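Chain by chain, the residues run as shown.
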Amino acid sequence: ERFNFTQAPAHAAPTEARVHFSRSKVEASARDGESLLALAEGAGVALASGCRMGICRTCVCRKVSGTTRDLRTGALSEDSDVEVQACVSAPVGDVTIDL
C-alpha cells in the first residue's frame, strides 16, 4: 500500500451567499455554513425558534427561491416555494426567504 502525502487535498473555496428576507426587505451576507436562523437574527429579522437543532420545527419558514443545504445531512434543496427549517438550513448562493 502506498500513500502520497506530497500534495495537500483540494478543498472547496468558501462560498458567499446573499439572503433576501422578502417581507422585511432586508438582505444579509452569509458565511459558508451559516444557518438561515443565525442570518435572520443577525439582520434583525424576527423568526421564532426553539431547539436550534432541527427537532421542534418552530423555525420553519418558506423558501421562495434559491438553494439551501441541510446542515445535518448535507442534502440540497433546490425547489422553490417550499418550507425549510431555518436552524439547520444554510444558503448555497442567493436565497429568498418569506420573512
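Now for a quick tour of the structure. All values reported here derive from a predicted model rather than from experimental measurement. (Residues numbered from 1 in each chain as written. Predicted model: local features only at pLDDT ≥ 70, side-chain atom pairs only at ≥ 80, totals over all residues. Heavy atoms only, no water.)

For the rest of this paragraph, the subject is the overall build of the protein. The number of helices and strands found in the protein is 1 helix and 6 strands. Split into buried and exposed, the 99 residues of the protein put 32% on the buried side. Contacts spanning at least 24 positions in sequence make up 48% of the contacts within the protein whose residues lie at least 6 apart. (Helix = DSSP H or I, 4+ residues; strand = E, 2+ residues; numbered from the N terminus. Buried < 20%, exposed > 50% of the residue type's maximum accessible area, 1.4 Å probe, protein only. Contact = heavy atoms within 4.5 Å.)

On to the pairing of strand S3 (residues 60-70), then. When S3 meets strand S5 (residues 82-85), the two strands line up antiparallel, connected through 4 bridges. Along S5, the bridge assignment pairs Arg62 with Glu83. Looking at chain direction, S3 and strand S6 (residues 89-97) are connected through 6 bridges and run antiparallel. When the bridges of S6 are listed, Asp70 appears paired with Ser89. (Pairing = 2+ DSSP bridges.)

Turning our eyes to something else, we now look at the nonpolar core. As a rule of thumb, nonpolar side chains are buried together in soluble globular proteins. Counting 20 residues, the largest nonpolar core has Phe21 and Ile97 as its most contacted members. Those elements giving two or more residues to this core turn out to be strand S1 (17-21), strand S2 (26-30), helix H1 (36-42) and S6. For this core, the leading source of residues is H1, giving 4 residues. Apart from residues no more than four positions distant in its own chain, Phe21 is found in contact with Val26, Ala28, Leu36, Leu39, Ala40, Ala43, Val45, Ile97 and Leu99. (Core = buried A, V, L, I, M, F, W, Y, C linked by side-chain atoms within 4.5 Å.)

On to the side chain of Thr67, then. Tracing the backbone through its elements, the reader meets Thr67 in strand S3. A relative accessible area of 18% means that Thr67 is categorised as buried. Ignoring any residue separated from it by four or fewer positions in sequence, one finds Thr67 in contact with Leu76, Ser77, Glu78, Ala90, Pro91, Val92, Asp94 and Val95.

Let's shift gears to the environment of Gly93. Tracing the chain through its elements places Gly93 in strand S6. For the pair formed by Gly93 and Glu16, sequence separation is 77 residues and the distance between their alpha carbons is 6.6 Å. Contacts of Gly93, omitting those with residues within four sequence positions, involve Ala17 and Arg18.

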